[in-house]
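Chain by chain, the residues run as shown.
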Amino acid sequence: VATLQGKIKALAEKKGPAFQKLKKEHGDDSLGEVTVNMCIGGARGIKCLVSETSLLDPMEGIRYRGRTLEECNQQLPKASATSKVGLPEASFWLLLTDEIPTDAEVKALNEELHKRATLPESTTKLIDSLPKDMHPMTQLSMGLLSLQPTSSFQKNYRSGTMKKTDYWVHVLDDSLSLVAQISPLAARIFRNVYFDGKHIPADPSLDWAGNYAHMLGVNNSEAFKDITRLYLMLHADHEGGNVSAHTTHLVGSALSDPYLSYSAGVNGLAGPLHGLANQECLRWLKNTHATLGGKEPTIDELTKFAKDTLASGKVIPGFGHGVLRKTDPRYMIQRDFAEANFPDDPLFKLANACYKAIPPVLEATGKVKNPWPNVDALSGTCMQYYNLDQEDYYTVVFAVSRSLGCMSNMVWSRLMGLPIERPKSVTVDWLVNHVDWS
Ligand code: CMX
């Protein structure tokens, strides 16, 4: 922890003067106008948030601290000499410090995470008592809330002794614990819902994501551990404006602690237009596969399926994006993994056919701004190949991953002393009176 703290502090000292100068000397500079459509259109495109950890380019995709995901996957330390997948906990280090950690640093981080991973009895009791048909994301959100009394931030705030300049230290402390605890919590929910509560103990010799895959207990292969590592690395962060990151940031801006804030973020991730899309996407693919009697579909058949979905008033899950305007690089990296590991899997073949059939259907609507697939179009397909085919659970895996980005971002928000968020809202009458009708 001391090393991590030292690195974060050094980076903040390096970046601090430019930030202060911006505030002082350019505080009134314009970043563009806000149109009526932006105001009534979900604030799309308004630059009104600072998120230090990553930046999303519509054409190129996300960069973690300036590095593309391909670069991250290459440069981040691996679990073994044979693995080709960058470790997600190494991306956590990168998001926090702007440095690729050494193997030794990742090893030390993993030891720290293992030390912090134990769930209090109050949490295990609560989780074990929940009805099996309660959605796993609801359970996860409740589990995170149940950990809130352990928050170092809230304890220190309450004691009245914590200086504003030390907020981030306690947020970092909580973030490490939350990241450590979220994987056993998520695995416990999975085993309760699908395996009658037969739990698999953690393996302290494994890395964070490898151990999570191990505790899920659906597949012992190294390939399943690798796809879990890849999934968790790819979904870790997607700048600050998406629903889960923004919610976490917004709630945290009221100085709610990391558990309260991330539980709220998880609730946003549970929406079908956001994280739940991976569950919906696999359901859509399975349904299409079954309706076609398991045979390989023609592009014409898929086109008809896609049109029927639109005609029934539903969105096609896994396609489109609020910011991206080309195929999501996260989709492409997962596709490369699938090509290398299970090219003949029927659902992968179906997902590939969708890649050809669906974009023209969405384009023909004339309104969809990005007809290309996003990450959710393939993540479920990859997981089901390794027996993780309980699609209602998929968004939980996303949430385990997204804790890395949301928590890193929260550390930096407190470090920069960002204030409580309070954008201005207006009424429709106000808009009507405000615009120039002449
Ligand atoms: N299927 C059908 N219609 C779609 C569509 C899709 N995949 N994507 C966009 N549209 C529609 C929108 O619903 C909207 O229609 P209305 O004007 O009738 O309301 C219109 O096209 C314009 O939308 P947009 O500006 O292109 O997209 P938004 O920024 O409003 O929404 C998103 C982005 C992701 C919510 C949307 O593309 C969608 O619903 N996709 C399917 C769900 C999905 O895959 N979500 C996961 C995204 C990644 C993530 O957050 O995890």
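Details of the structure are given in the entry above.
This structure is a prediction, so every number in the text was calculated from the model and none was measured.

(A) Spatial organisation of the overall build of the chain. When you go through the chain residue by residue, the secondary structure sums to 20 helices and three strands. In summary, the chain has a C-alpha radius of gyration of 22 Å against a globular reference of 22 Å for 438 residues, a match within 12%. Each of the three principal axes of the chain carries a C-alpha extent, and together these read 70 × 65 × 40 Å. Put simply, the chain has 46 plus and 49 minus side-chain charges, and the middle of one group is 3 Å from the middle of the other.

(B) Inspection of unusual backbone geometry at higher detail. In the Ramachandran plot, D196 falls in the positive-phi region, its phi being about 50 degrees despite a non-glycine side chain. In this structure, D196 sits in the loop between α9 (167-194) and α10 (208-216). A relative accessible area of 61% places D196 in the exposed class.

(C) Expanded view of the site of the ligand. Residues in close proximity to the ligand total 20 residues, the closest being H274, G318, F319, K367 and K369. One of the side-chain N or O atoms of R44 is found 2.9 Å from an oxygen atom in the ligand. Residue G318 places a main-chain N or O atom 2.8 Å away from an oxygen atom belonging to the ligand. When isolated, the ligand has an accessible area of 900 Å², and the protein chains bury 75% of it. Of the residues belonging to the shell around the ligand, the class tally is ten nonpolar, six polar and four charged.

(D) How the structure looks around the packing of helix α1 (residues 2-25) against helix α4 (residues 88-97). Contact geometry of α1 with α4 gives a least axis separation of 9 Å together with a crossing angle of 35 degrees. Between α1 and α4, the contacting residues are T3, L4, K7, I8 and L11 on the first element and W93, L96 and T97 on the second.

(E) View of the pattern of salt bridges. This structure, assessed with the given rule, holds 23 salt bridges. Notably, a salt bridge pairs K125 with E121, separated by 3.6 Å at the nearest N-O pair. Within this pair, K125 and its partner E121 are both found in helix α6 (residues 121-129), separated by four residues, close to a single helical turn. By the burial criterion, K125 is exposed, and E121 matches it. One connected set of salt bridges, linked through shared partners, spans E280, R283, K286, E391 and D392.

(F) Representation of the pairing of strand β2 (residues 61-64) within the structure. Here strand β1 (residues 54-57) runs beside β2; their pairing, made up of four bridges, is antiparallel. Residue pairing for β2: L56 is matched across the bridge by I62. Connecting the antiparallel pair β1 and β2 is a turn made up of three residues. Sheet topology note: the β2/strand β3 (residues 67-68) ladder contains two bridges and is antiparallel. Across the sheet, R63 pairs through a bridge with T68, a residue of β3. The loop that links β2 with its antiparallel partner β3 comprises two residues; one of these, R65, has a positive phi angle of about 45 degrees.

(G) Structural context of the packing of aromatic side chains. Inspection of the entire model under this criterion finds 13 aromatic pairs. With a centroid separation of 4.9 Å and 90 degrees between ring planes, the pair formed by Y385 and Y386 is classed as edge-to-face. For Y385, a relative accessible area of 35% puts it in the partly exposed group. Among the aromatic residues, ring-to-ring pairing joins F224, F342, F348, Y385 and Y386 into one connected group. Above the ring of W412, the side-chain terminus of R65 is found at 4.9 Å from the ring centroid. Just above the ring of F195 sits the side chain of R191; from NZ or CZ to the centre is 4.1 Å.

Parameters at a glance
- Residues numbered from 1 in each chain as written.
- Predicted model: local features only at pLDDT ≥ 70, side-chain atom pairs only at ≥ 80, totals over all residues.
- Heavy atoms only, no water.
- Helix = DSSP H or I, 4+ residues; strand = E, 2+ residues; numbered from the N terminus.
- Rg over C-alpha atoms; globule rule 2.2 N^0.38 Å.
- Lys, Arg positive; Asp, Glu negative; His and termini not counted.
- Charge placed at Lys NZ, Arg CZ, Asp CG, Glu CD.
- Buried < 20%, exposed > 50% of the residue type's maximum accessible area, 1.4 Å probe, protein only.
- Near = heavy atom within 4 Å.
- Polar contact = N/O pair within 3.5 Å; in protein donor to acceptor, adjacent residues only side chain to side chain.
- Areas by Shrake-Rupley, 256 points an atom, 1.4 Å probe, with all protein chains shown as cover.
- Nonpolar A, V, L, I, M, F, W, Y, C, P; charged D, E, K, R; others polar.
- Axes fitted to C-alpha atoms, helices over the stretch in contact; angles between N-to-C directions.
- Contact = heavy atoms within 4.5 Å.
- Salt bridge = Lys/Arg side-chain N within 4 Å of Asp/Glu carboxyl O.
- Pairing = 2+ DSSP bridges.
- Phe/Tyr/Trp six-rings, centres within 6.5 Å; stacked < 30°, edge-to-face > 60°.
- Lys NZ or Arg CZ within 6 Å of the ring centre and 35° of its normal.

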